[in-house]
Amino acid sequence: MDTVIVAAVVIGALVVLALVAVVAVKTRYKIASPSEALIIVGKKGRPVTNPQTGEVTTDLSGQKVVMGAGVFVKPLVQQAHRLSLSSVRIPISIRGAVSRQGIRLNVDGVAIVKVGGTEDFVRAASQRFLQQQKEIEPFTQEVLAGSLRGVIGTLTVEEIIRDRVAFARQVEEEAVTSLNNQGLVLDTLQIQDVSDDGNYLKDLGRPEAANARRAAEIAEANNAQEAQQAQALSDAKIAQAQRDLALQQAQFRADQDKAAAEADAAGRLAEAAAQQQVLLEQERVAQRQAELTERTLDTEVRKPADARRYQAEQEAMAQKTARVLSAEAEQQAAVAAAQADAERVRLSAEADAARVRVAADAELQRRTAEADAVRLEGRAQAEALTATGAAKADALQREAQALKEFGEAALTQRALEVLPELAQALASPLGGIKDLTVISNDGAGALSRSVGANLQETLEVLRRTTGVDVARVLHSLGGEQPRPAGAGPAGVDGSSPG
């Protein structure tokens, strides 16, 4: 019984010792997070001798740095301290920093600072900020403020304003040594605002602002002028297009009216032709009816008459043969023969009269049909001529209206259209001459002057009768000043042409 008790006590003691050991190990095993470093102290560093002075010191190798890993801290002989490696945002603000020109500036910025990620940086930062990590911000502010003031004193206001990146880089270079000695690293420095207590910066931008405003006003004026020119050109093109459209519409209406008149006349002619064809057909029907009447006459009149005549002759001959010896038979035969001859003559005369009457009726119907056809054709032609004349009159009226609306431009176009015909009419007498002999003291030049004089007289007659001065129109088209009425054309009076 005592042995069992002793064994139970021993096992319990071993279990307790095991639990204590586990708890001790758990409490002494330290793990560093990604944003912190563990500094294990308790071991003496190695001695280091200064080669210049011969002084012997102890280095920092006894301080073990652990980042992102775990380590067992020996109890009683070692201690573990945690140092944050997180970045710290530190605002920087200085007032009254004097530039190289003597201008006092106010600068606001922001810096991102953290403890360096190497063992040397961690050891240096732990010596200075391990127990007072909140002092990193004021220390960094003092260092960067001093660097800012020093760099501002070497630059002009224009250099600071126009290239803030270079300005911030110079400040970083100026402050990096001081920060690294404290185990700190400057990630970035941004200059947010630069101002002054006076109006120097405000006045500095006035020339550029004035130039920009003046350039904008000039650009707006140029744009407005170009817009007005474009609008005027567009209005001119629209007016030209409207004039061309009006002329084309007038010409189209004239052509349409002419085509309608021609179509109407063609329809009437076709109707007249159809009626004439009907009359011709009626004439053929009348001829057929006359032929039918002729055949009916032959069948119903002539042939029965010939049959009766033949029968009478046969009877007379039979009577004559039967009563040849009798005088009475002979006399009766003679009387019968005479009557038969008279009847034959009568029937023949009636047949001839009927044939002549039918032919006369057919001829009368034919001539009547021809007269009706000629009358219808004449009426159709008269109506066609009337419609054509009305269409031409309407077209001339529309053309006159268009000429009245568009004034001198239309007159100029009409004058230019007539000029080729006028020139052909003037040159036609000379065109028919094969051999020409000029007898004149002026030589062959008299011929050209004669033609020019004829042209001038024709143009003068045209001006007096119609009021259209073709010479003035031509001179205006050629860019010359109009010549006075009665003046000869260029080259006719001996002067050289323009």
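Residues numbered from 1 in each chain as written. Predicted model: local features only at pLDDT ≥ 70, side-chain atom pairs only at ≥ 80, totals over all residues. Heavy atoms only, no water.

Draft legend 1. Highlighting the overall build of the chain. From N to C terminus, the chain includes 10 helices and 10 strands. By sequence separation, contacts in the chain at least 24 residues apart represent 71% of the contacts at least 6 residues apart. Surface exposure of the chain reaches about 33200 Å², of which carbon and sulfur atoms provide 56%. (Helix = DSSP H or I, 4+ residues; strand = E, 2+ residues; numbered from the N terminus. Contact = heavy atoms within 4.5 Å. Areas by Shrake-Rupley, 256 points an atom, 1.4 Å probe, with all protein chains shown as cover.)

Draft legend 2. Local environment of the sheet that holds strand S2 (residues 36-41). Judged by pairing direction, the sheet is antiparallel, and its 3 strands sit side by side in the order S5-S2-S7 without closing on themselves. Bordering the open sheet on either side are strand S5 (64-67) and strand S7 (79-84), each of which pairs with just one other strand. Each strand of the sheet is rotated relative to its neighbour by a mean of 25°, with strand direction disregarded. Here helix H2 (residues 119-129) sits on the sheet and contacts S2, S5 and S7; the angle it forms with S5, its principal contact strand, is near 110°. (Pairing = 2+ DSSP bridges. Axes fitted to C-alpha atoms, helices over the stretch in contact; angles between N-to-C directions.)

Draft legend 3. Local environment of the pattern of salt bridges. According to the stated counting rule, one finds 6 salt bridges in the structure shown. The salt bridge involving glutamate 119 is made with arginine 123; its shortest N-O contact spans 3.3 Å. Here glutamate 119 and its partner arginine 123 are both found in helix H2, 4 residues apart, which amounts to about one turn of the helix. Here arginine 123 falls in the buried class, since its relative accessible area comes to 12%. In this structure, aspartate 120 and arginine 123 form a salt bridge, with 3.6 Å as the shortest nitrogen-oxygen distance. Here aspartate 120 and its partner arginine 123 are both found in helix H2, 3 residues apart, which amounts to about one turn of the helix. By sharing partners, the salt bridges in this structure join Glu119, Asp120 and Arg123 into a single network. (Salt bridge = Lys/Arg side-chain N within 4 Å of Asp/Glu carboxyl O. Buried < 20%, exposed > 50% of the residue type's maximum accessible area, 1.4 Å probe, protein only.)

Draft legend 4. Spatial organisation of the packing of helix H3 (residues 136-152) against helix H5 (residues 164-181). Contact geometry for H3 and H5: axes closest at 9 Å, N-to-C directions at 130°. Relative to H5, the element H3 lies oblique. Crossing angle aside, the handedness with which H3 passes H5 is right-handed. Contacts between H3 and H5 involve Phe139, Thr140, Val143, Leu144, Ser147, Leu148, Val151 and Ile152 on the former and, on the latter, Phe167, Gln170, Val171, Glu174, Ala175, Ser178 and Leu179. Tallied by class, the residues present in the contact of H3 with H5 amount to 10 nonpolar, 4 polar and 1 charged. (Parallel < 35°, antiparallel > 145°, perpendicular 65-115°, else oblique. Left-handed = near helix turned anticlockwise from the far one by under 90°. Nonpolar A, V, L, I, M, F, W, Y, C, P; charged D, E, K, R; others polar.)

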